[in-house]
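Take a look at the letters that make up each chain.
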Amino acid sequence: MAMALARAAGRAGAAAALALLWLLVCAPGDAGCHPLTVADLFDRVIRHSGRIHSLSTALYAELEKHFPPRDNELGRPARKCHTSGMLTPNGKEYAQKIPREELTHLILKLLQAWKEPLSHFNQHIEHHQELPDDSLSKAKQISNMVHELKTGVEKVTEKMQSMGIISNSLNGMASSEGTALSISNEANMMSDSDFIHCFRRDSNKVQSYLKILKCRIMPENSC
């Protein structure tokens, strides 16, 4: 019981530290420590999403190398990702027309849709003894980093709301656990390479939407 409580406390402490990471530019207690601006927060989440996309690209190449499609799969139909049912804008032009609140919600929704499936994938891929440790490490990193990115985007959202950049109506847009569970079950039916291919696609969308959102809020960046 004591050990379980200690683990729970450790997780709570880690969560608090993670939240702090997105709010400060230095260690608490430092004389020069100050909250991040909304521009700083955007830069952090955009860089973080870029690292996630790079990791997923590398992992996908490694999975394709170790598990090439069989002869009877070469002509298989195009992959259907478990997030295909989510309406997402294709291209910068369409994304720029979406209200800020809806675009922010879409980013959070995409990240939420991948949290549970990535956790299951990380547990499942550990049983592939033929995969190098580096590939297993990438899968674990991706899962952890998506959780971190969602926390970061939530902090950006809170900052924008406190500044009046977006309305608080976003608070009522949270997706239900039932929808997340349904999406998670669909994801578990995919092959490993298809799964990472789909995640790579969505991670690129998240990064693009974050860049577009930042540019719309801060047009002085001329982007």
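Each remark here, short or long, concerns the structure printed above.
Residues numbered from 1 in each chain as written. Predicted model: local features only at pLDDT ≥ 70, side-chain atom pairs only at ≥ 80, totals over all residues. Heavy atoms only, no water.

(A) Main features of the packing of aromatic side chains. Counted according to the given criterion, the structure contains three aromatic pairs. Considering the side-chain rings of W114 and F199, the 5.2 Å spacing of their centres and the 75° angle between planes classify their relative orientation as edge-to-face. A residue pair is termed long-range when its members are at least 10 positions apart, and W114 in helix α4 (residues 100-125) and F199 in helix α7 (residues 192-217) qualify at 85 residues. When sorted by exposure, W114 lands in the same class as F199, which is buried. Aromatic side chains F121 and F195 sit 4.7 Å apart centroid to centroid with 15° between the ring planes, which places their arrangement in the stacked category. You can see F121 sitting in helix α4 and its partner F195 sitting in helix α7, a full 74 residues away along the chain. This pair shows no difference in class: F121 is buried, exactly as F195 is. Following the ring pairs from residue to residue traces out a cluster consisting of W114, F121, F195 and F199. (Phe/Tyr/Trp six-rings, centres within 6.5 Å; stacked < 30°, edge-to-face > 60°. Helix = DSSP H or I, 4+ residues; strand = E, 2+ residues; numbered from the N terminus. Buried < 20%, exposed > 50% of the residue type's maximum accessible area, 1.4 Å probe, protein only.)

(B) Here's a closer look at α7. With 26 residues, α7 extends 37 Å between its outermost C-alpha atoms, agreeing within 8% with the 38 Å of an ideal straight helix rising 1.5 Å per residue. Among the 26 residues in α7, 19 count as buried, and that is most of the element. (Expected span 1.5 Å × (residues − 1).)

(C) Structural detail: the pattern of salt bridges. Applying the stated criterion to the full structure yields seven salt bridges. In this structure, E62 engages K138 in a salt bridge whose closest nitrogen and oxygen atoms are separated by 2.9 Å. Here the residue E62 occupies a position in helix α2 (residues 38-66), and K138 occupies one in helix α5 (residues 133-162), the gap between them amounting to 76 residues. Put simply, D202 and R201 hold a salt bridge, and the shortest N to O gap is 3.0 Å. Each of E62, D134 and K138 takes part in one network of salt bridges that share partners. (Salt bridge = Lys/Arg side-chain N within 4 Å of Asp/Glu carboxyl O.)

All quantities given are derived from atomic positions and should not be read as evidence of function.
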